[in-house]
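If you want the building blocks of each chain, they are given just below.
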Amino acid sequence: MKNEKEYKLKGQFVCFNGNFIRKNELNISLSNRAFKYGDGVFETIKVVRKEPLFYTQHLNRLVFALNTLKINYNLEFLKVEMLQKITRLLNANKYFSAVRIRITIYRNGEGLYTPESNEMQYLIEATELDSELYQLDKKGLKLGIYTETKKNYSNFSSFKTINSLPYILAGIYKTENNFDECLLQNDNNELIEGISSNIFILKGNSLFTPAINAGCIKGIMREIVVNIALSKNITVFDEAIIKEQDLLDADEIFLTNVIYGIKWVVSFQKKRYYNKFAKNLTDELNKLIS
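Residues numbered from 1 in each chain as written. Predicted model: local features only at pLDDT ≥ 70, side-chain atom pairs only at ≥ 80, totals over all residues. Heavy atoms only, no water.

K.L.:
With reference to specific residues and values, describe the pattern of salt bridges.
P.N.:
Opposite charge on two side chains makes pairing possible when the charged atoms of those side chains draw close. Using the criterion set out here, one finds 8 salt bridges in the structure. The residue Glu193 makes a salt bridge to Lys151 at a minimum N-O spacing of 2.8 Å. Taken as a pair, Glu193 in strand 9 (residues 191–194) and Lys151 in the loop between strand 7 (141–145) and helix 5 (165–176) lie far apart in primary sequence, 42 residues in all. On the basis of relative accessible area, Lys151 is assigned to the buried category, the value being 10%. The partner of Glu284 in a salt bridge is Lys232, with the nearest N and O atoms 3.4 Å apart. Of the two residues, Glu284 sits in helix 8 (residues 276–289) while Lys232 sits in the loop between helix 6 (220–231) and strand 12 (235–240), which places them 52 residues apart along the sequence. What you see here is one network of salt bridges that share partners, running through Arg33, Asp39 and Arg107. (Salt bridge = Lys/Arg side-chain N within 4 Å of Asp/Glu carboxyl O. Helix = DSSP H or I, 4+ residues; strand = E, 2+ residues; numbered from the N terminus. Buried < 20%, exposed > 50% of the residue type's maximum accessible area, 1.4 Å probe, protein only.)

What follows is the structure in structure tokens.
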């Protein structure tokens with residue numbers, strides 16, 4: 001009977017401004033600025049056996065985002081208490097292996113476009129993952145390019161805001177055209193990133209990824225992969241300009257994300273690709289967390 005009760009409680013809770021409540025009891029005010037204006041940011045973190053991976057990097061990006069958006073915060077809270085809240089949420093949800101944590105921080109208070117307050121509120125959500133280790137996808141991705149809505153560099157293009165319309169429209173395009181993933185472009189028709197990932201192409205012994213000032217997210221896994229590649233004596237160009245022809249000239253293409261690690265591309269148009277380097281990177285990632 002106890003096990004049945006625990007099963008029913010599994011995955012039922014969120015942390016809303018420090019309060020642990022059931023998902024179906026979460027009430028969002030009509031004045032909520034996240035809902036009305038997309039006035040906030042979020043971070044997704046992989047947690048393995050209650051240990052948030054790469055938390056310092058996530059914290060640094062989050063602090064940069066909050067400073068940029070002029071949302072007030074307590075640094076000590078983000079460094080210490082937020083981690084405690086995550087642990088309590090994992091315990092409440094009976095999650096003890098691999099988990100995806102999403103932290104959403106938004107500006108509190110009312111007002112129209114001009115806010116009446118710059119104080120923060122937050123929501124922490126937890127979703128169970130299938131594996132603690134990073135696993136390379138077996139089949140590879142069929143890749144497309146989304147061209148209808150461009151994403152350009154701005155002072156908030158490098159972090160994750162809760163206004164995600166370019167990615168949503170790219171996701172719809174992906175589904176309509178039977179792709180597994182789509183790349184976004186900026187106004188110069190440079191390929192900058194995937195829907196929820198950074199892009200890398202390998203050609204010979206050189207690895208290329210777009211510059212942050214091209215408009216892409218400053219991905220946590222992007223930074224980790226660059227460092228691993230450098231340690232393996234791979235020449236890395238992390239301010240590359242990547243266009244469609246570069247995809248066709250590549251030996252390998254892969255996408256990176258802190259939750260799933262690496263996903264390799266098997267095809268773009270009529271070109272087919274290998275995944276040897278992507279496999280090696282995945283092995284190196286797992287050494288970092290095991």
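K.L.:
Break down the packing of aromatic side chains for me, with residues and values.
P.N.:
Throughout the structure, instances matching the rule amount to 8 aromatic pairs. Judged by centre distance (6.2 Å) and plane angle (45°), the ring pair of Phe254 and Phe277 falls under tilted. Taken together, the positions of Phe254 in strand 13 (residues 252–257) and Phe277 in helix 8 put the pair 23 residues apart, joining distant regions of the chain. What makes Phe277 buried here is its relative accessible area of 11%. Clustering of aromatic rings is evident, with ring pairs tying together Tyr146, Tyr173 and Phe179. Lys46 extends its terminal NZ or CZ atom over the ring of Tyr134, reaching a point 4.0 Å from the ring centre. Against the face of Tyr260 rests Lys263, its NZ or CZ located 4.5 Å from the ring centre. (Phe/Tyr/Trp six-rings, centres within 6.5 Å; stacked < 30°, edge-to-face > 60°. Lys NZ or Arg CZ within 6 Å of the ring centre and 35° of its normal.)

K.L.:
Quick rundown of the sheet that holds strand 4 (residues 51–52)? Include the residues and the values.
P.N.:
In spatial order, the strands read 2-1-6-5-3-4; together these 6 strands make up an open sheet with antiparallel pairing. Sheet topology places strand 2 (19–22) and strand 4 at the edges, where each strand pairs with a single neighbour. Alignment of strand 3 (residues 40–48) against strand 5 (residues 98–107), held across 9 bridges, turns out to be antiparallel. When the bridges of strand 5 are listed, Val41 appears paired with Ile105. Packing of helix 3 (residues 55–69) onto the sheet brings it into contact with strand 3, strand 4 and strand 5, and relative to strand 3 it is tilted by some 175°. Helix 4 (residues 75–93) rests against strand 1 (13–16), strand 2, strand 3, strand 4, strand 5 and strand 6 (120–128) of the sheet, and its axis sits at about 40° to strand 6. (Pairing = 2+ DSSP bridges. Contact = heavy atoms within 4.5 Å. Axes fitted to C-alpha atoms, helices over the stretch in contact; angles between N-to-C directions.)

K.L.:
Describe the pairing of strand 12, listing the residues and the values that go with them.
P.N.:
On a regular strand, each side chain points to the face opposite its neighbour's, so the side chains alternate between the two faces of the sheet. As judged from the 4 bridges shared by strand 11 (residues 206–210) and strand 12, these two strands associate in the parallel manner. If you follow Ser206 over to strand 12, its bridge partner there is Thr235. At this point the chain moves from strand 11, through helix 6, to the parallel strand 12, and the crossover so formed is right-handed. (Right-handed = clockwise from strand over helix to strand, strands pointing away.)

K.L.:
For the environment of Phe179, give the residues involved together with the corresponding values.
P.N.:
If you trace the backbone, Phe179 turns up in the loop between helix 5 and strand 8 (181–185). For Phe179, a relative accessible area of 21% gives the class partly exposed. In this structure, Phe179 is in contact with Lys142, Leu143, Gly144, Tyr173 and Lys174, ignoring residues within four places of it in sequence.

K.L.:
Could you give me a rundown of the pairing of strand 7, with the residues and numbers involved?
P.N.:
Most of strand 7 is tucked away, with 4 of its 5 residues classed as buried. Here strand 7 pairs with strand 14 (residues 261–268) via 3 bridges, running parallel. Within strand 14, the position partnered with Lys142 by the bridge is Ser267. Once the chain exits strand 7 it traverses helix 5 before rejoining the sheet at strand 8, and the crossover so formed is right-handed.

K.L.:
How would you summarise helix 3 if you had to cite specific residues and measurements?
P.N.:
Taking 1.5 Å as the rise per residue, helix 3 with 15 residues should run 21 Å; its terminal C-alpha atoms sit 21 Å apart, in good agreement. Along helix 3, the positions that sit buried rather than exposed are Tyr55, His58, Leu59, Arg61, Leu62, Val63, Ala65, Leu66, Thr68 and Leu69. Taken together, the buried residues of helix 3 touch strand 3, strand 4, helix 4, strand 5 and helix 6. Downstream of helix 3 by one or two residues, Lys70 has phi in the positive range, about 60°. (Expected span 1.5 Å × (residues − 1).)

By themselves, these figures tell us nothing about what the structure is for.
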